[in-house]
Amino acid sequence: MPDGAEPILSVEDLRVWFYTDAGIVRAVDGVSFDLRPGETLGIVGESGSGKTTLGLAILRLISSKGPIVFLGHDLQGLKFKAMRPFRHDMQIVFQDPYGSLSPRMSIADIIEEGLKVHQPKLGENEREDRVIRALVEVGLDPETRFRYPHEFSGGQRQRIAVARAVVLEPTFVVLDEPTSALDMLIQSQIVDLLRELQHRKDLTYLFISHDLRVVAALASKLIVMRHGKVVEEGAAADIFKAPKSPYTKALFAAAFNLETAAEGIVAQ
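Examining the pairing of strand E9 (residues 221-226)
And then number 1: With 4 bridges connecting them, strand E3 (residues 40-44) and E9 associate as parallel partners. Residue Val44 lies in a different strand from E9, and its bridge partner there is Val224.
And then number 2: In the sheet, E9 pairs with strand E10 (residues 229-235) via 6 bridges, with the strands oriented antiparallel. Looking across to E10, one finds that Arg226 is bridged to Lys229.

Written as structure tokens, this is what we have:
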């Protein structure tokens, strides 16, 4: 990443407030950050801290207030049709590799679905070539592309989900707890894959997780959230080395003191 590179994503005072009979729920409450090409911003916090809501708001999948400037364009307030040109450039990998893939579609159909929507001029052979290339990039045998999700393990399904995202050649990918449903060995393999793809394709990640072990292995920058607000932010290495907020200290203590097996993945 060149020094002084312009942010590909800038968020300022982003707010997602829900109005209920019991009052206002401030799910995301005044979050601001810049994200530059090739960076990984880790978003951490307990369940209910607003992490996933923040990611969905940035992708304009839920309503929010506050500027969301992506590739020089403020996305806030854009209608469905106006958002469409940006969709291929901002993708998401969801938490659940079992629930995020349609059981009625073959792997080839799942991966090429986005190509049909965003690049409709591609011919059938071109789409097939892109699907094959995406499967190779995530370490899967392209000969398996006519199988269905139930024929794959959890780790393989998450690789398929990653292939579905990268086949569109995006600039920015939201990773929403992409390893939480996997055992530790498979987590490590997926982390290695994400690193490799980021390096090869100059991808920029927003990595949402409550698993600090995995975040420590990937993130260059870190935001710690609690009750929708940012309680600490900065370079990931600095915060992991010397957290300042009492909440961050407690979060780290719970993660690293009680889960000594985390040392392997953090040290990578």
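As for the packing of aromatic side chains
And then number 1: Following the criterion strictly, the structure yields 2 aromatic pairs and no others.
And then number 2: Ring centres of Phe70 and Phe172 lie 6.0 Å apart, and the angle between their planes is 50 degrees; this geometry places the pair in the tilted category. Note that Phe70 is positioned in strand E4 (residues 68-70) and Phe172 in strand E7 (residues 172-176), a separation of 102 residues in sequence.
And then number 3: Judged by its relative accessible area of 0%, Phe70 falls in the buried class.
And then number 4: Judged by its relative accessible area of 0%, Phe172 is buried.
And then number 5: Considering the side-chain rings of Phe240 and Phe252, the 4.9 Å spacing of their centres and the 10 degrees angle between planes classify their relative orientation as stacked. Of this pair, Phe240 sits in helix H8 (residues 236-241) while Phe252 sits in helix H9 (residues 246-258), and the two are 12 residues apart along the sequence. Both residues of the pair, Phe240 and Phe252, belong to the buried class.
And then number 6: The ring of Trp17 carries Arg26 above its face, with NZ or CZ at 4.4 Å from the centroid.

Observations concerning the sheet that holds E10
And then number 1: Strands sit in the order E6-E7-E8-E3-E9-E10 across an open sheet of 6 strands; the sheet is mixed. Each edge of the open sheet is held by one strand with a lone partner, namely strand E6 (90-93) and E10. Recorded for the sheet is a direction-independent mean angle of 15 degrees between the axes of neighbouring strands.
And then number 2: Packing against the sheet, helix H6 (residues 184-201) makes contact with E3, E7 and strand E8 (204-209), and its axis sits at approximately 160 degrees to E8.

As for the nonpolar core
And then number 1: Among the nonpolar cores identified, the biggest contains 49 residues, and Ile111, Leu194, Leu197 and Leu222 are the most heavily contacted of them.
And then number 2: At 6 residues, the largest contribution of residues to this core is made by helix H5 (residues 154-166).
And then number 3: In terms of nonpolar packing, the next biggest core, distinct from the first, is built from 28 residues, Leu9, Ile58, Leu59 and Phe86 among them.

What about the side chain of Lys51?
And then number 1: Looking at the secondary structure, you find Lys51 in helix H1 (residues 51-58).
And then number 2: Although Lys51 lies buried, it forms no salt bridge, and the closest oppositely charged side chain, Glu177, sits 4.4 Å away as judged by the N-O distance.
And then number 3: Here the side chain of Lys51 touches Gly45 through a polar contact of 3.0 Å, landing on its backbone oxygen.
And then number 4: Apart from residues lying up to four places away in sequence, Lys51 is in contact with Ile43, Val44, Gly45, Glu46, Glu177, Ile208, Ser209, His210 and Met225.

Quick look at the sheet that holds strand E1 (residues 9-20)
And then number 1: Strand order in the open sheet formed by 4 strands is E2-E1-E4-E5, with antiparallel pairing between adjacent strands. In the strand order of this sheet, the two ends are held by strand E2 (23-35) and strand E5 (73-74), each with one partner.
And then number 2: Where E1 lies against E2, 10 bridges are found, and the strand directions are antiparallel. When the sheet's bridge partners are listed, Phe18 is paired in E2 with Val25.
And then number 3: Across the sheet, H1 lies against E1, E2 and E4, angled at about 115 degrees from E1, the strand it touches most.

Rules and cut-offs
Residues numbered from 1 in each chain as written. Predicted model: local features only at pLDDT ≥ 70, side-chain atom pairs only at ≥ 80, totals over all residues. Heavy atoms only, no water. Pairing = 2+ DSSP bridges. Helix = DSSP H or I, 4+ residues; strand = E, 2+ residues; numbered from the N terminus. Phe/Tyr/Trp six-rings, centres within 6.5 Å; stacked < 30°, edge-to-face > 60°. Buried < 20%, exposed > 50% of the residue type's maximum accessible area, 1.4 Å probe, protein only. Lys NZ or Arg CZ within 6 Å of the ring centre and 35° of its normal. Axes fitted to C-alpha atoms, helices over the stretch in contact; angles between N-to-C directions. Contact = heavy atoms within 4.5 Å. Core = buried A, V, L, I, M, F, W, Y, C linked by side-chain atoms within 4.5 Å. Lys, Arg positive; Asp, Glu negative; His and termini not counted. Salt bridge = Lys/Arg side-chain N within 4 Å of Asp/Glu carboxyl O. Polar contact = N/O pair within 3.5 Å; in protein donor to acceptor, adjacent residues only side chain to side chain.

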